Amino acid sequence: MSDDRHAKGSVSYLMEMGALKRSKRSGWWIVGVKDPETIAEHSFRTAVIGSILAMMEGADPARVALLCTFHDTQETRVGDIPWIGRRYLDAKKNETVTADQVADAHPAVAAGVQAIVDDYENGDSLEVVVAHDADKLECMIQGLEYLEQGYRNAQEWVDSTRAKLKTASAIELADAAQGMSSIDWQRTYLR
């Protein structure tokens, strides 16, 4: 394979990732949210949350942010399938989708992206545990924001994702989030 083909394959992957900026997190439609956040918006805040949790837990913040950044990249191909929908589908594993996504990319890109996704899906390091907690905590916080907007059915998502948190830091932040409004952050600067 020529270098030109690898470059085009790598850029194709980058362009495909742009679809995440347009793809909605469709699970929120089940609870009535008409215009939910995109997958990219979710992934961005998940990476920030992951970095913070890693700092609190003594894990590698850069590694956790990387895991979080790539955790839903397969959804360009399979969509954001809500848990209830997964009962009826036999979807390929995320590792398989990722391998297809990067098949024509530069070999170092293909190997690197596949390793990140494989670690997120199958690893058991502190960084992987923190990344999974970051994903759940982001969903919980998003649910709290939707509750504020009047989507009361989001409460079940808040409760179910909070119950799955594993690290002490994620639980601590979840407790704090449940006692705050989405605009409390600005009060620090308005004193």
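The following paragraphs examine the structure supplied in this document. (Residues numbered from 1 in each chain as written. Predicted model: local features only at pLDDT ≥ 70, side-chain atom pairs only at ≥ 80, totals over all residues. Heavy atoms only, no water.)

**Description of the nonpolar core**
Point 1. Grouped together as the largest cluster of nonpolar side chains are 33 residues, with contacts concentrated most on Leu-53, Val-64, Leu-137 and Met-140.
Point 2. Breaking this core down by element, the ones donating at least two residues are helix H1 (3–18), helix H2 (39–57), helix H3 (61–70), helix H7 (107–122), helix H8 (126–148) and helix H10 (168–178).
Point 3. Broken down by element, the residue count for this core peaks at seven residues, all from H8.
Point 4. Ignoring any residue separated from it by four or fewer positions in sequence, one finds Val-64 in contact with Gly-50, Ser-51, Ala-54, Ala-59, Glu-127, Val-130 and Ala-131. (Core = buried A, V, L, I, M, F, W, Y, C linked by side-chain atoms within 4.5 Å. Buried < 20%, exposed > 50% of the residue type's maximum accessible area, 1.4 Å probe, protein only. Helix = DSSP H or I, 4+ residues; strand = E, 2+ residues; numbered from the N terminus. Contact = heavy atoms within 4.5 Å.)

**Comments concerning the side chain of Asp-72**
Point 1. Assignment of secondary structure puts Asp-72 in the loop between H3 and helix H4 (75–78).
Point 2. Looking at Asp-72, its side chain comes within polar contact range of the side chain of His-42, at 3.5 Å.
Point 3. At a separation of 3.0 Å, a polar atom in the side chain of Asp-72 contacts the side chain of His-71.
Point 4. Residues within four places of Asp-72 in sequence aside, it is in contact with Leu-20, Arg-25, Ile-39, His-42 and Ser-43. (Polar contact = N/O pair within 3.5 Å; in protein donor to acceptor, adjacent residues only side chain to side chain.)

**Looking at the pattern of salt bridges**
If charged atoms from side chains of opposite charge come close, those side chains can pair.
Point 1. Here the structure, examined in full by the defined rule, presents eleven salt bridges.
Point 2. Between Asp-104 and Arg-5 there is a salt bridge, with its nearest N and O atoms 3.3 Å apart. Residue Asp-104 is located in the loop between helix H6 (94–101) and H7, and its partner Arg-5 is located in helix H1; the two are separated by 99 residues in the primary sequence.
Point 3. You can call Asp-104 partly exposed: its relative accessible area is 33%.
Point 4. Among the residues examined, Arg-5 registers a relative accessible area of 44% and is labelled partly exposed.
Point 5. With a closest N to O distance of 3.7 Å, Asp-72 and Arg-25 form a salt bridge. In this pair, Asp-72 sits in the loop between H3 and H4 while Arg-25 sits in the loop between H1 and H2, placing the two residues 47 residues apart along the sequence.
Point 6. Owing to a relative accessible area of 10%, Asp-72 belongs among the buried residues under this scheme.
Point 7. One salt-bridge network, in which partners are shared between bridges, spans Arg-25, Glu-37 and Asp-72. (Salt bridge = Lys/Arg side-chain N within 4 Å of Asp/Glu carboxyl O.)

**Brief notes about H8**
Point 1. For H8, built from 23 residues, the straight-helix expectation of 33 Å at 1.5 Å per residue is met to within 8% by its first-to-last C-alpha distance of 33 Å.
Point 2. Looking at the residues trailing H8, positive phi occurs at Gly-150, about 100°. (Expected span 1.5 Å × (residues − 1).)

**Notes on a nonpolar patch on the surface**
Point 1. Taken together, Ile-30, Ile-84, Tyr-88 and Leu-89 make up a surface patch of nonpolar side chains, about 450 Å² in accessible area.
Point 2. Mapped onto the fold, Ile-30 is located in the loop between H1 and H2. (Patch = residues over 30% accessible without salt bridge, like charges linked within 9 Å, V, L, I, M, F, W, Y side chains within 5 Å. Areas by Shrake-Rupley, 256 points an atom, 1.4 Å probe, with all protein chains shown as cover.)

**A word on the environment of Glu-138**
Point 1. Relative to the assigned elements, Glu-138 resides in helix H8.
Point 2. A relative accessible area of 1% places Glu-138 in the buried class.
Point 3. Apart from residues lying up to four places away in sequence, Glu-138 is in contact with Glu-37, His-42, Arg-45, Thr-46 and Ile-49.
Point 4. Among the polar contacts listed, one links the side chain of Glu-138 to the side chain of Arg-45, at a separation of 2.9 Å.

**Observations regarding the side chain of Ser-26**
Point 1. As for its placement among the helices and strands, Ser-26 is situated in the loop between H1 and H2.
Point 2. Classification of Ser-26 by relative accessible area gives buried; the value is 14%.
Point 3. Residues contacting Ser-26, with those up to four places away along its chain left out, are Asp-80 and Pro-82.

**Here's the deal with the packing of aromatic side chains**
Point 1. Here the structure, examined in full by the defined rule, presents three aromatic pairs.
Point 2. The interplanar angle of 70° and the centroid separation of 4.9 Å between the aromatic rings of Trp-28 and Tyr-146 together place this pair among those described as edge-to-face. Highlighted residues: Trp-28 in the loop between H1 and H2 and Tyr-146 in helix H8, separated in sequence by 118 residues. This pair shows no difference in class: Trp-28 is buried, exactly as Tyr-146 is.
Point 3. Its relative accessible area of 0% is what places Trp-28 among the buried residues.
Point 4. Members of the aromatic cluster, joined through ring pairs, are Trp-28, Tyr-146, Tyr-151 and Trp-157. (Phe/Tyr/Trp six-rings, centres within 6.5 Å; stacked < 30°, edge-to-face > 60°.)

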